Amino acid sequence: MMTHQPEHLSDAHVARILHQFRQHAPLVHCMTNDVVQTFTANVLLALNASPAMVIDPEEAAQFSGFADALLINVGTLTQDRQLAMQAAVTAANQAGTPWTLDPVAVGALTLRSAFCQQLLSQKPAAIRGNASEILALAQQAAGGRGVDSLHQADAAVAAAQQLARDYHTLVIVTGEVDYATDGSRTLTISGGSPLMTRVVGTGCALSAVVAAFSSLPGDGLLNVACACRVMALAGKKAAAQAQGPGTFVAAFLDALWMLEVAA
Amino acid sequence: MMTHQPEHLSDAHVARILHQFRQHAPLVHCMTNDVVQTFTANVLLALNASPAMVIDPEEAAQFSGFADALLINVGTLTQDRQLAMQAAVTAANQAGTPWTLDPVAVGALTLRSAFCQQLLSQKPAAIRGNASEILALAQQAAGGRGVDSLHQADAAVAAAQQLARDYHTLVIVTGEVDYATDGSRTLTISGGSPLMTRVVGTGCALSAVVAAFSSLPGDGLLNVACACRVMALAGKKAAAQAQGPGTFVAAFLDALWMLEVAA
Amino acid sequence: MMTHQPEHLSDAHVARILHQFRQHAPLVHCMTNDVVQTFTANVLLALNASPAMVIDPEEAAQFSGFADALLINVGTLTQDRQLAMQAAVTAANQAGTPWTLDPVAVGALTLRSAFCQQLLSQKPAAIRGNASEILALAQQAAGGRGVDSLHQADAAVAAAQQLARDYHTLVIVTGEVDYATDGSRTLTISGGSPLMTRVVGTGCALSAVVAAFSSLPGDGLLNVACACRVMALAGKKAAAQAQGPGTFVAAFLDALWMLEVAA
């Protein structure tokens, strides 16, 4: 069950944090899946951040040392990539670089499930997944007990809160409404469009944006919630202009580029 | 030579099968090349199907067990990927998941040629290639005899029919006109646009759509021919709106999303 | 310091060479990074060239033998890919296929820095990088002496000229203004748009286009400078039509497709 009431993220925060983000222009080391590389890079560029994809184990460890943030997305995990990701996470932790986990399809598939479990204890700054992924991650961490008896959306929020407390991290559950929690405070973020689910990579790109926002100073929970809101606002604006998922992609990147948030 | 007369695919079938497809919304496991991952995923999403790219050998085998269809595209084959693809095909056959082969550039390049040969005897539900690829596959299967003395387009259709009979599969040869055959019946599909050849991945994405349609119940040959027609119709519509290959990509995905076929 | 005065590339050359390029329609073997594969392919297709990405070491060596040009881009280098790239370069040199190096982020990252150093002595037809990359490559080749005391833009041009002379190659430094040099003659190319830096892959795609143009007969320096100008012209035209980086991508491919250069 949910352990406290969520509150709604205010756009006054979003306006301020987005401005700060564009000034800061973080360099984001993305170790992500094969399918979403281009879109992820273009989303970050449209927000004035700098993406870099470095994947050799030694180079990935070197790069995590001077990047502002690191993203680990296990969508097309292989054993080789797991080694490189682990090297990057270790180096990021040594350098104090915040890193974010996107546990794509964790649960049924064995390699990624074991790897996500292994990563949980390595101090991610944030975890971003959909309800099924956050539930699977929490259940696995808890040895399978508990949360599956609840309605899925509520259960995922409760699972997110528990994960956040157990691992001292921020957890974001995305869906029609997004939730961001540090375990004791939970923010809800609305917006977006169903068209975002008919284009590959919107969730994965959000995780990269969460990673990027997590590098900002200030209130960590507000920062990652702001990442969700920025993507939701751009999604809503783009959907209003698009004729389908093809024109949506271009309109979405344009919307991120031009986004002004009314405080 | 062609062993029987092709007949033209009727749009009455296409309207019915496309409706069924969108209801069914198949989950398609795509093991495809590096260049076309995003476009392939977006094409499937625009048709209301669900793409998933899982590439670790163990995970790929697990995933093929619960996917509705599997695509094997050898465009950027490596020895590691070959192992993963073989594991997925074996698991797909055990689970009864239909799988489709796209033998990109088979013939001159040795690794993929040997692998395609090895896969032929493993019961693909369908094979989709251009005339050169289908000819190369058939000649190689036949030890180099025969079909090369004919005009290429006719020769490819004859080769497709022979391959379909020899391997109890469906073969699709695409070009200005597409042909789909089970070896005893051959359907022709028209439509499309030359602009489709100036955008990377239209052929590879068609193979993913063929894989997806092959998971439907009913007449297998009609189903895969319908996949060709759906892509051709969207291509024609998009070309009428586009100013070049850039705007074509967006218009094509929009057209798939909104496609209504007049029965 | 610069060792001779640059001269401005004339569009009379560009009109002639672009026409020749479209007629020739080179087949370009691209061994490039994970992030830019689709965009690179679509840029080449929009210019009527044919891209092909072949990455297994044995197949890559086979393919380099009959391609018109080879691109080596180290953006997402791994040890496996290094082996395949080396095999392709060796085969390209044996077959007389010109090959182009894009030394992405050379300098700080060790694997790619050592590999780029190793490749320098293997007769690249051309090298394309930004100022930092060309400076890093030249400093590394020179054992760290020299060019860093100059203003970066001038220093990069001097470094490019030195590299070109030392390795008998063509070097292109891109930025607000591009420079192409053979060490004794240097051409400047203007045009482009700041939006090109907010879309991933414009630099990497330019390297593929440089590789493609390097396969033309005639004046090698003019040919690769023309590649830069074609991209700059399309970028400028696209930026005038785009509302942001999303619509820019589509407009850029359309602009390449329709580009007519006034002689």
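Residues numbered from 1 in each chain as written. Chains lettered and ligands numbered in written order. Predicted model: local features only at pLDDT ≥ 70, side-chain atom pairs only at ≥ 80, totals over all residues. Heavy atoms only, no water.

Structural notes on the overall build of chain A
We count it as follows: Segments assigned H or I by DSSP are reported as helices when at least four residues long, segments assigned E as strands when at least two residues long, and all are numbered from the N terminus. All radius of gyration figures rest on C-alpha atoms, and the globule criterion is 2.2 Å times the number of residues raised to 0.38. Residue exposure (1.4 Å probe, protein chains only): buried if accessible area is under 20% of the type maximum, exposed if over 50%, otherwise partly exposed. Contacts between residues were defined by any pair of non-hydrogen atoms, one from each residue, lying within 4.5 Å. The Shrake-Rupley method, run with a 1.4 Å probe, gives the accessible areas here. Residue values count only the displayed protein chains as cover. Neither His nor the chain ends is counted toward charge; the positive residues are Lys and Arg and the negative residues Asp and Glu. Each charge is placed at NZ for Lys, CZ for Arg, CG for Asp and CD for Glu.
Check the secondary structure of chain A and you find 10 helices and nine strands. Here chain A has a C-alpha radius of gyration of 17 Å; the compact-globule value for 263 residues is 18 Å, and the two agree. By its C-alpha atoms, chain A is 45 × 45 × 35 Å across when sized along the principal axes. Going through the 263 residues of chain A one by one, you find that 62% of them count as buried. Across chain A, contacts joining residues at least 24 apart in sequence account for 73% of those joining residues at least 6 apart. When the accessible area of chain A is evaluated, it comes to approximately 9,100 Å², of which 53% is carbon and sulfur surface. Mean positive and mean negative side-chain charge positions of chain A (13 and 19 charges, respectively) differ by 5 Å.

A word on the interface of chain B and chain C
Using the following cut-off: Summed over both partners, the accessible area lost on bringing two parts together, with a 1.4 Å probe, is the buried area. A side-chain nitrogen of Lys or Arg and a carboxyl oxygen of Asp or Glu constitute a salt bridge if their distance falls within 4 Å. For this analysis, a polar contact is any N or O atom pair within 3.5 Å, provided that within protein one partner can donate a hydrogen and the other can accept it, and provided that sequence-adjacent residues contribute only side-chain to side-chain pairs.
Taken together, the contacts link 24 residues of chain B with 23 residues of chain C. Overall, the association of chain B and chain C removes approximately 2,000 Å² of surface from exposure, summing both partners, and the carbon and sulfur fraction of that is 56%. Broken down residue by residue, the surface that chain B buries against chain C is led by Val-35, Leu-109 and Arg-198 of chain B, which jointly contribute 31%. In this assembly, chain B and chain C are joined by one salt bridge. For the interface between chain B and chain C, the tally reads 12 residue pairs in polar contact (both at pLDDT 80 or more). Elements with a contribution of two residues or more to the side of chain B that touches chain C: helix H4 (79-95), helix H5 (110-120) and helix H10 (245-258) of chain B.

Section: the confidence of the model for chain A
For clarity, the cut-off: The predictor attaches a confidence to each residue, and that confidence, scored 0 to 100, is pLDDT.
Here chain A averages 94 in pLDDT, while 95% of its residues score no lower than 70. What the predictor reports for the complex is a pTM of 0.96 with an ipTM of 0.95.

So, the interface of chain B and chain A
Contact residues are listed per partner, giving 23 residues for chain B and 24 residues for chain A. Counting the surface lost from both chain B and chain A, the interface buries some 2,000 Å², and carbon and sulfur atoms represent 56% of this. Here chain B is connected to chain A by 12 residue pairs in polar contact (both at pLDDT 80 or more). For the side of chain B that touches chain A, the elements supplying multiple residues, two or more each, are helix H2 (37-46), helix H3 (57-66) and H10 of chain B. No other element matches the six residues that H2 of chain B contributes to the side of chain B that touches chain A.

Here's the deal with the pattern of salt bridges
Across all of its chains, the model carries 15 salt bridges over all chains by this definition. Between Arg-112 of chain C and Glu-59 of chain A there is a salt bridge, and its shortest N-O distance comes to 2.7 Å. Here the residue Arg-112 of chain C occupies a position in helix H5 (residues 110-120), and Glu-59 of chain A occupies one in helix H3 (residues 57-66), the pair thus bridging two chains. On the basis of relative accessibility, which here comes to 0%, the residue Glu-59 of chain A falls in the buried class. For Asp-219 of chain B, the salt bridge is made with Arg-185 of chain B, and the minimal N-O distance between the two is 2.9 Å. Highlighted residues: Asp-219 of chain B in the loop between helix H8 (202-213) and helix H9 (220-241) and Arg-185 of chain B in the loop between strand S8 (178-181) and strand S9 (186-189), separated in sequence by 34 residues.

Some details on the packing of aromatic side chains
All names here are of chain A. Rule in force here: Pairs were defined over the aromatic rings of Phe, Tyr and Trp, the Trp ring being its six-membered one, requiring ring centres within 6.5 Å. Orientation was assigned from the angle between planes: stacked under 30 degrees, edge-to-face over 60, tilted for the rest.
Applying the stated rule across the entire model yields 12 aromatic pairs over all chains. Here the aromatic rings of Phe-248 and Phe-252 are separated by 5.6 Å at their centres, their planes lie at 20°, and the arrangement is stacked. One end of the pair, Phe-248, and the other, Phe-252, are both in helix H10 (residues 245-258), four residues apart, so they sit about a helical turn from each other. A relative accessible area of 0% places Phe-248 in the buried class. Exposure remark for Phe-252: the relative accessible area of 0% places this residue in the buried category.

Digging into the nonpolar core
Note the following rule: The criterion is simple. A nonpolar core is a set of buried Ala, Val, Leu, Ile, Met, Phe, Trp, Tyr and Cys residues joined through side-chain atoms within 4.5 Å.
Core analysis: the biggest nonpolar cluster contains 97 residues, and Ile-72 of chain B together with Val-43, Phe-213, Val-230, Phe-252 and Leu-256 of chain C have the highest contact counts within it. Of all the elements, helix H9 (residues 220-241) of chain C adds the most residues to this core, at 12 residues. Among all residues touching Ile-72 of chain B, those that are not within four sequence positions of it are Met-31, Met-85, Val-89, Trp-99, Thr-100, Leu-101, Asp-102, Phe-115 and Leu-119 of chain B.

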